[in-house]
Amino acid sequence: MCQLGMNIDHVATIRQARRTYEPDPIWAAVEAQLAGADCITIHLREDRRHICDRDLERLKETVQVKLNLEMAATDEMVAIACREQPQMATLVPEGRLEVTTEGGLDVAGQRDRLTEVVSRLSDAGVSVSAFIDADEDQIDAAAVAGFAWCEVHTGPFAHAHYEAHGDMADDRVLDGLDVVIRAGEQIIDAGMRFNAGHALNYRNVSPIAAIPGVQELHIGHSIIARAVFVGLREAIEEMKALIDAAEALGD
Ligand code: PXP
């Protein structure tokens, strides 16, 4: 079954805009779980621009589904993850000036370092995922480094879909989708578990959710954007329904 990993960073972004106590990411996580989210994702950034250390501690105590910590592979973050032991850690590249994660992790270019990080996290009981571009060399490197999961960057597909006004017959969209499908096959053949995410929304999620073997979709911005108007629970339920329906078509 294709599951939904709900990224709640933007709830903390609103809170941090006023450096206050609301809206509370813990409340968001409760709403998300009541709506059927299968996983709660937070990104603890080096600059703590949204999620803070205390959020991670409180979520670790309260979240009943899988908790996925997005993080850079720095010594500071690895120490925090080993201490807090979320069920999953997704390693992402992190740039101070970026608005959101911009590209996949260069696993091939830092394989020795990442092998060590994966081993430290795995020893602490944390299942480790690599957020990567749909690139053969990166997938090979992730397998060698010992990652249990790969999350394929769906940004290029989403961008093509947007540019083509959602026309699924457009070659750019078909190519973008095919690249994700082939990456998923390679990930599964290499013995890892296949996730996908980034820039997925209510208009483009269905073809990605229908890909055979995809296990989790990690989505944040579009759901929080819709939640502003319909509430978080309804926004998540709508996304879950789209994922479930697409998956049924893919079967
Ligand atoms: N997956 C990863 C690794 C991410 O860094 C992000 C953004 O935080 C997402 C998924 C969610 O992307 P979006 O907010 O565009 O849905």
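For the structure, check the block above.
For the structure given in this document, a descriptive report is provided here. (Residues numbered from 1 in each chain as written. Predicted model: local features only at pLDDT ≥ 70, side-chain atom pairs only at ≥ 80, totals over all residues. Heavy atoms only, no water.)

### Remarks on helix α10 (residues 221-230)
For step 1, the next point in the chain: Of all the positions in α10, only S222, I223, I224 and A227 are classed as buried.
For step 2, the next point in the chain: With its phi angle positive at about 95°, G231 sits one or two positions after the end of α10. (Buried < 20%, exposed > 50% of the residue type's maximum accessible area, 1.4 Å probe, protein only. Helix = DSSP H or I, 4+ residues; strand = E, 2+ residues; numbered from the N terminus.)

### Thoughts on the nonpolar core
For step 1, the next point in the chain: Core analysis: the largest hydrophobic core is formed by 75 residues, its most contacted members being L91, V107, L121, F147, L217 and I223.
For step 2, the next point in the chain: Element by element, the count of residues in this core is highest for helix α11 (residues 232-250), at 6 residues. (Core = buried A, V, L, I, M, F, W, Y, C linked by side-chain atoms within 4.5 Å.)

### Looking at a nonpolar patch on the surface
For step 1, the next point in the chain: A contiguous nonpolar surface patch, about 330 Å² in accessible area, is contributed by V228, F229 and V230.
For step 2, the next point in the chain: With respect to the helices, strands and loops of the structure, V230 is situated in helix α10. (Patch = residues over 30% accessible without salt bridge, like charges linked within 9 Å, V, L, I, M, F, W, Y side chains within 5 Å. Areas by Shrake-Rupley, 256 points an atom, 1.4 Å probe, with all protein chains shown as cover. Salt bridge = Lys/Arg side-chain N within 4 Å of Asp/Glu carboxyl O.)

### Focus: the sheet that holds strand β8 (residues 214-219)
For step 1, the next point in the chain: Strand order in the closed barrel made by the 8 strands is β1-β2-β3-β4-β5-β6-β7-β8, with parallel pairing throughout. Adjacent strand axes in the sheet meet at a mean angle of 25°, parallel and antiparallel pairs treated alike.
For step 2, the next point in the chain: In this structure, strand β4 (residues 88-91) lies alongside strand β5 (residues 127-132), joined through 4 bridges in parallel fashion. Its bridge partner lying in β5, A89 is registered against V128.
For step 3, the next point in the chain: Across the sheet, helix α5 (residues 111-123) touches β3 (66-71), β4 and β5, and the angle it forms with β4 is around 165°.
For step 4, the next point in the chain: Lying on the sheet, α10 is in contact with β1 (3-7) and β8; it crosses β1 at an angle near 70°. (Pairing = 2+ DSSP bridges. Axes fitted to C-alpha atoms, helices over the stretch in contact; angles between N-to-C directions. Contact = heavy atoms within 4.5 Å.)

### As for the side chain of T41
For step 1, the next point in the chain: Tracing the backbone shows T41 in strand β2 (residues 39-43).
For step 2, the next point in the chain: We classify T41 as buried; its relative accessible area is 1%.

### Some remarks on the packing of helix α2 (residues 25-34) against helix α3 (residues 53-62)
For step 1, the next point in the chain: Where α2 contacts α3, the axes come no closer than 10 Å and their chain directions differ by 30°. Judged by the sense of rotation from one axis to the other, the crossing of α2 with α3 is right-handed. Contacts between α2 and α3 involve P25, I26 and A29 from the first element and D55, R58, L59 and T62 from the second.
For step 2, the next point in the chain: When its residues are assigned to classes, the contact of α2 with α3 shows 4 nonpolar, 1 polar and 2 charged. (Left-handed = near helix turned anticlockwise from the far one by under 90°. Nonpolar A, V, L, I, M, F, W, Y, C, P; charged D, E, K, R; others polar.)

### Brief notes about the state of the cysteines
For step 1, the next point in the chain: Evaluation of the coordinates by the stated rule reveals 0 disulfides.
For step 2, the next point in the chain: With no disulfide of its own, C2 lies 12 Å from the sulfur of C39, the closest cysteine sulfur.
For step 3, the next point in the chain: Cysteine C82 shares no disulfide, and the gap to the nearest cysteine sulfur, in C39, comes to 18 Å. (Disulfide = S-S within 2.5 Å.)

### Here we look at the pattern of salt bridges
It is possible for side chains bearing opposite charge to pair when their charged atoms get close.
For step 1, the next point in the chain: Inspection of the entire model under this criterion finds 18 salt bridges.
For step 2, the next point in the chain: When the shortest N-O distance is used, the salt bridge between D55 and R15 registers 2.6 Å. You can see D55 sitting in helix α3 and its partner R15 sitting in helix α1 (residues 9-18), a full 40 residues away along the chain.
For step 3, the next point in the chain: Overall, the relative accessible area of 2% leaves D55 in the buried class.
For step 4, the next point in the chain: We note a salt bridge from R182 to D178, for which the minimum N-O separation is 3.0 Å. Within this pair, R182 and its partner D178 are both found in helix α8 (residues 171-189), separated by 4 residues, close to a single helical turn.
For step 5, the next point in the chain: We classify R182 as partly exposed; its relative accessible area is 45%.
For step 6, the next point in the chain: Of the residues examined, D178 reaches a relative accessible area of 34% and is grouped as partly exposed.

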